[in-house]
Amino acid sequence: MEPLCPNFDLLKSSRPSSVPLFPHRFSSTNRGITKKPCSPFPCASYNRNTNPPPPIKTQQSTAHDLLKSFKKGVVGFAAAATALASVCSDSPAFAESLTVAFPVSRAQEVNTVQRTLVEAWGLIRETFVDPTFNHQDWDLKLQQTMVEMFPLKSADAAYGKIRGMLSTLGDPFTRIISPKEYQSFRIGSDGNLQGVGVFVSVEPKTGHLVVLSCVKGSPAARAGIHDGDELIEINGQRLDGVDSESAAQRLRGQAGTSVTVKLHRGNGSGSGSSIKEVKLPRELIRLSPISSTVITHRTPDGRLTKTGYVKLITFSQTAATDMKNTIHEMENQGVQSYILDLRNNPGGLVKVGLDVAQIWLDGNETLVNTIDRDGHMSPINMANGHALTHDPLVVLVNEGSASASEILAGALHDNGRAILVGHKTFGKGKIQSITELHDGSALFVTVAKYVSPALHDIDQVGIMPDVQCTTDMLNPPKEILKERSPASSLEADSCIMVAEHELDIQKPKGTAS
């Protein structure tokens, strides 16, 4: 949960999973987990060809000699190995034989991270969305990082060098997480965590860690933490340069323990700005991706109608199935229109987002367009889709709607299926793949950008809704306060009222056949 971030959100591709979105087209854009096995040392080259590799020439050298070679920049990356050892992988990212020579650290744990470094470097070399690598020599960057890593004594310090190398790409979403962090990440995508119940993400323009949303009833929500709050410290440690997954790992922990966070709220100056420190208990957070209710509403002409309200909290593995079941139940209850609430939904598994879109759409509509590192745009289309319902639909969005939420909102809006109500969305228009590396760590790599079906750019721009609404909660009538039902409490939400008005002027079309 902290964060379900944003595969292309992909939550698990480079960070969430290796199950292809559309195997025939976009195996790299899933949140699936692709595990890259690695042969034991020594290994001569990266090679995915079936033909036997050419003979490898080796030469004995000392670590000192090799470091001198690295510093002089004379170690080749496609020639025979001239180092004490090299690394290999059968990753499909490597289209040709590639040898990377490096000095073997005497510290075994650092030696393991050396292999991880080369593996991560190679994946980025072949798949990162910016072929200029932020206008730097990526081969030279490996040499420099290997030299810096060689004298280190601990794995943590060595991982720090990999993170430093990745930071030079200028993309906060391309990152590496440790094996322990990755295990927590995978658990989070399943919908259950031990933590404080907050979703966090890096704000692309400032690089600050901000709260996207809190799970209802969680320790964070009870403490009054709000979306938009900036995380400054966790347990007294500053978060400057810390990515969202590392911050989330610090927030998680065994139920019954606690964590202290310091937050900044406001615009940075003036009376509206404040610093808050709060101690939060960790609990078992059960994250159901969907909550729903039926709202009874009287139209201006006196008709009594039923609106199905569906709140999608995150795109976890069960979200699409849960959504289908919810829609079927509401259709059986005679619902005539729908409100899909994506406010403060930070994303999750992008494949799940596309699956949810197909619940509402027919035919072969384009769901999203991806743009690869060469600038080539490819649409992801439905295949003979059949919507579960054609009833009028309004989608609620706000500044906390990110990644997969924006893909879903864009797909429904640009295909004429839904009206968007609320506020401009977060603006995360990049697709990550997640790859599990040989040591159990995981590499998140931005492999593409995406634009909406109507070719609207989303990254750092967001989606502007058709109708805006205030965030204020209206004072509900006394009779509503007495009822205290979920549907009644929604009547105090001004955006729900705006959505109901928009639905009133649309003609119900009924259940799909």
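Notes on the structure in this doc start here.

Here is what the cut-offs are and how they apply
Each chain carries its own residue numbering, running from 1 in the written order of its sequence. A pLDDT threshold of at least 70 governs which residues receive local features in this predicted model, and a stricter bar of 80 or more applies before side-chain atom pairs are shown or counted, although totals over entire chains, interfaces and linings include all residues. The side-chain values count all of the structure's non-hydrogen atoms but skip hydrogen atoms and water molecules. Secondary structure elements are taken from DSSP: a helix is a run of H or I of four residues or more, a strand is a run of E of two residues or more, and numbering for both begins at the N terminus. Exposure classes here rest on a 1.4 Å probe applied to the protein chains alone. A residue is buried below 20% of its type maximum, exposed above 50%, and partly exposed in between. Each accessible area is a Shrake-Rupley estimate made with a 1.4 Å probe; only the visible protein chains count as cover when residues are assessed. Note on geometry: axes are C-alpha line fits, over the in-contact stretch for helices, and angles between N-to-C directions span 0 to 180 degrees. In this scheme, roughly parallel covers angles under 35 degrees and roughly antiparallel covers those over 145, while 65 to 115 is roughly perpendicular and the rest are oblique. Take the far helix as the reference: if the near one is turned anticlockwise from it by less than a right angle, the crossing is left-handed, and if turned clockwise, right-handed. Here, residues are in contact when the closest pair of their heavy atoms is within 4.5 Å. Only Asp, Glu, Lys and Arg are considered charged, only Ala, Val, Leu, Ile, Met, Phe, Trp, Tyr, Cys and Pro nonpolar, and every remaining residue, Gly among them, polar. By this rule, a helix spans an expected 1.5 Å times one less than how many residues it contains. The arc in question is the one traced by the directions running from the helix axis out to the C-beta atoms. By convention, a stacked pair of Phe, Tyr or Trp rings (six-membered ring in the case of Trp) has centres within 6.5 Å and planes under 30 degrees apart, an edge-to-face pair has planes over 60 apart, and any other such pair is tilted. For two strands to pair, DSSP has to find at least two bridges joining them. We call a set of buried Ala, Val, Leu, Ile, Met, Phe, Trp, Tyr and Cys residues a nonpolar core when their side-chain atoms join them within 4.5 Å.

A separate point is the overall build of the protein. Regarding its fold elements, the protein presents 13 helices and 22 strands. Counting over 513 residues, the protein shows a buried share of 55%. On the protein, roughly 21,700 Å² of surface is accessible, and the fraction owed to carbon and sulfur atoms is 50%.

In this section: the packing of helix H3 (residues 138–149) against helix H4 (residues 155–167). Relative orientation of the contacting elements H3 and H4 amounts to 160 degrees, with a least axis distance of 10 Å. It follows from the interaxial angle that H3 and H4 lie roughly antiparallel. Where H3 crosses over H4, the two elements pack in a sense that is right-handed. For the pair H3 and H4, the contacting residues are Trp-138, Lys-141, Thr-145, Glu-148 and Met-149 in the first and Ala-158, Lys-161, Ile-162 and Met-165 in the second. Split by residue class, the contact of H3 with H4 holds five nonpolar, one polar and three charged.

Within the element layout of this structure, Lys-279 appears in strand S11 (residues 274–281). On the basis of relative accessibility, which here comes to 59%, the residue Lys-279 falls in the exposed class. Along the backbone, Lys-279 and Ser-258 are 21 residues apart, and their C-alpha atoms lie at a distance of 6.7 Å. Setting aside chain neighbours within four positions, we find Lys-279 in contact with Ser-258, Val-259 and Thr-260.

For the rest of this paragraph, the subject is H4. Given 3.6 residues to a turn, an α-helix orients residues that are three or four positions apart in the same direction. The terminal C-alpha atoms of H4, which comprises 13 residues, lie 18 Å apart, in line with the 18 Å expected from a rise of 1.5 Å per residue. If you check which residues of H4 are buried, you get Ala-155, Ala-158, Tyr-159, Ile-162, Met-165 and Leu-166. Buried residues of H4, viewed axially, fall in a sector of 110 degrees; they line one side. Along H4, exposed side chains directed more than 90 degrees from the buried face belong to Asp-156 and Ser-167.

Turning our attention to the packing of aromatic side chains. Counted according to the given criterion, the structure contains two aromatic pairs. A centroid spacing of 5.5 Å and a plane angle of 15 degrees characterise the contact between Phe-133 and Trp-138, whose relative ring orientation is stacked. On the basis of relative accessible area, Trp-138 is assigned to the buried category, the value being 2%. With a centroid separation of 5.4 Å and 75 degrees between ring planes, the pair formed by Tyr-338 and Trp-360 is classed as edge-to-face. Of this pair, Tyr-338 sits in strand S15 (residues 337–341) while Trp-360 sits in helix H9 (residues 350–360), and the two are 22 residues apart along the sequence.

Here we come to helix H2 (residues 108–127). A rise of 1.5 Å per residue sets the reference length of H2, with its 20 residues, at 28 Å; its end C-alpha atoms lie 29 Å apart and thus fit the reference within 8%. By the criterion of burial, H2 is predominantly enclosed, with 14 of the 20 residues buried.

What follows covers the pairing of strand S8 (residues 230–234). The buried fraction of S8 amounts to five of the five residues, a majority that puts the element mostly inside the structure. Here four bridges tie S8 to strand S10 (residues 258–265), and the two strands are oriented antiparallel to one another. Among the inter-strand pairings, Ile-234 is bridged to a residue of S10, identified as Val-261. For S8 and strand S9 (residues 237–238), the ladder comprises two bridges, and the chain directions are antiparallel. By the bridge assignment for S9, Ile-234 is matched with Gln-237.

A few words now on the packing of H2 against H3. Look at H2 against H3: their axes get within 11 Å of each other, and the N-to-C directions meet at 170 degrees. Here H2 is positioned roughly antiparallel relative to H3, judged by the angle of their axes. Here Val-110, Val-113, Gln-114, Leu-117, Val-118, Trp-121, Ile-124 and Arg-125 of H2 lie close against H3, whose contacting residues are Trp-138, Asp-139, Leu-142, Thr-145, Met-146 and Met-149. Counted by class, the contact of H2 with H3 contains ten nonpolar, two polar and two charged residues.

Within the secondary structure layout, Leu-209 lies in strand S7 (residues 209–214). Residues Leu-209 and Ile-232, spaced 23 residues apart in sequence, show a C-alpha to C-alpha distance of 7.7 Å. Those residues in contact with Leu-209 that lie beyond four places of it in its chain are Ser-201, Val-202, Asp-229, Glu-230, Leu-231, Leu-239, Val-242, Asp-243, Ser-244 and Ala-247.

A few words now on the nonpolar core. Counting residues in each nonpolar core, the largest one holds 72 residues, and the members touching the most others are Met-323, Leu-340 and Trp-360. No other element matches the eight residues that H2 contributes to this core. For Trp-360, the residues in contact, after removing those within four places along its chain, are Met-323, Ile-327, Tyr-338, Leu-340, Ala-387, Thr-389, Leu-393, Leu-412 and Arg-417. Listed in part, the 19 residues of the second largest apolar core include Ile-225, Leu-239, Ala-247 and Leu-263.

What follows deals with the side chain of Glu-233. With respect to the helices and strands, Glu-233 occurs in strand S8. Given a relative accessible area of 15%, Glu-233 falls into the buried group. Discounting residues that sit within four places of it in the chain, Glu-233 has contacts with Arg-238, Leu-239, Thr-260, Val-261 and Lys-262.

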